[in-house]
Amino acid sequence: QVQLVESGGGLVQPGGSLRLSCAASRIILSINVMGWYRQAPGKERELVASFTSANSTNYADSVKGRFTMSRDNAKNTVYLQMNSLKPEDTAVYYCKFMHYWGKGTLVTVSP
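Residues numbered from 1 in each chain as written. Predicted model: local features only at pLDDT ≥ 70, side-chain atom pairs only at ≥ 80, totals over all residues. Heavy atoms only, no water.

S.K.: Which residues make up the side chain of Asp 89, and what values go with them?
M.R.: For Asp 89, the position within the fold is in the loop between strand 8 (77-82) and strand 9 (91-97). Asp 89 gets classed as buried once you look at its relative accessible area, which sits at 1%. A polar contact is formed between the side chain of Asp 89 and the backbone nitrogen of Lys 86, at a distance of 2.8 Å. With sequence-adjacent residues up to four places away left out, Asp 89 is seen in contact with Arg 38, Arg 66, Phe 67, Ser 84, Val 107 and Val 109. (Helix = DSSP H or I, 4+ residues; strand = E, 2+ residues; numbered from the N terminus. Buried < 20%, exposed > 50% of the residue type's maximum accessible area, 1.4 Å probe, protein only. Polar contact = N/O pair within 3.5 Å; in protein donor to acceptor, adjacent residues only side chain to side chain. Contact = heavy atoms within 4.5 Å.)

This is the structure:
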């Protein structure tokens, strides 16, 4: 079983940046098949960014150019660098590997 733990959320001003981390409890050989999702209050969960089995990175149109997903295989960790944050980015952010989900980290973008 894989446990995923997100961290790095918090309060940030519009235009600011945050880096989210997702650490896995065990080595994930296919770390490229992972994704970041988010769910805002009253909204459906949506895909933010993901690595695919084709070793490519996909981004939601709403974050493209502002967010960057990366990985550190040695640390068994994936990251989501979020720049130029907007209030509409406020959400709980989750990382996912296969059918495993983290419990989320809250990002609040507000003055």
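Text resumes after the structure shown.
S.K.: Run through the pattern of salt bridges, naming residues and quoting values.
M.R.: Throughout the structure, instances matching the rule amount to 3 salt bridges. Close ionic contact of Glu 46 with Arg 38 constitutes a salt bridge, the shortest N to O distance being 2.7 Å. The partly exposed category is assigned to Glu 46, whose relative accessible area is 32%. The structure contains a network of salt bridges with shared partners spanning Arg 38, Glu 46, Arg 66 and Asp 89. (Salt bridge = Lys/Arg side-chain N within 4 Å of Asp/Glu carboxyl O.)

S.K.: So what about the packing of aromatic side chains? Which residues, and what values?
M.R.: One pass over the structure, following the stated rule, counts 2 aromatic pairs. Centre to centre, the rings of Tyr 94 and Trp 101 are 6.4 Å apart; their planes meet at 80°, and the pair counts as edge-to-face. An aromatic cluster of at least three residues, connected via ring pairs, comprises Tyr 37, Tyr 94 and Trp 101. Looking at Arg 19, its charged tip hangs above the ring of Tyr 79, at a distance of 6.0 Å from the centre. Between the NZ or CZ atom of Arg 71 and the centre of the ring of Phe 51, over which it lies, the distance is 4.9 Å. (Phe/Tyr/Trp six-rings, centres within 6.5 Å; stacked < 30°, edge-to-face > 60°. Lys NZ or Arg CZ within 6 Å of the ring centre and 35° of its normal.)

S.K.: Hey, could you go over the pairing of strand 7 (residues 67-72) for me, with residue numbers and the actual values?
M.R.: Taken together, the 6 bridges between strand 7 and strand 8 define a ladder with antiparallel strand orientation. Paired with Arg 71 across the bridge in strand 8 is Val 78. Linking strand 7 back to strand 8 in an antiparallel pair, the connection comprises 4 residues, with Asn 76 at a positive phi of about 55°. (Pairing = 2+ DSSP bridges.)

S.K.: Can you lay out the nonpolar core for me, pointing to particular residues and giving the numbers?
M.R.: For soluble globular proteins, the rule of thumb is that nonpolar side chains tend to be buried together. If you look at the biggest cluster of nonpolar residues, it comprises 26 residues, and the most contacted ones within it are Leu 4, Trp 36, Val 48, Phe 67, Leu 80, Met 82 and Tyr 93. If we skip the residues at most four places from it in the chain, Val 48 touches Trp 36, Tyr 37, Arg 38, Asn 58, Tyr 59, Ala 60, Val 63, Phe 67, Leu 80 and Tyr 93. (Core = buried A, V, L, I, M, F, W, Y, C linked by side-chain atoms within 4.5 Å.)

S.K.: Can you tell me about the pairing of strand 1 (residues 4-7), naming the residues and giving the values?
M.R.: Alternating residues of strand 1 divide into Leu 4 and Glu 6, all buried, and Val 5 and Ser 7, none buried. As paired elements, strand 1 and strand 3 (residues 18-24) share 4 bridges and run antiparallel to each other. Within strand 3, the position partnered with Glu 6 by the bridge is Cys 22.

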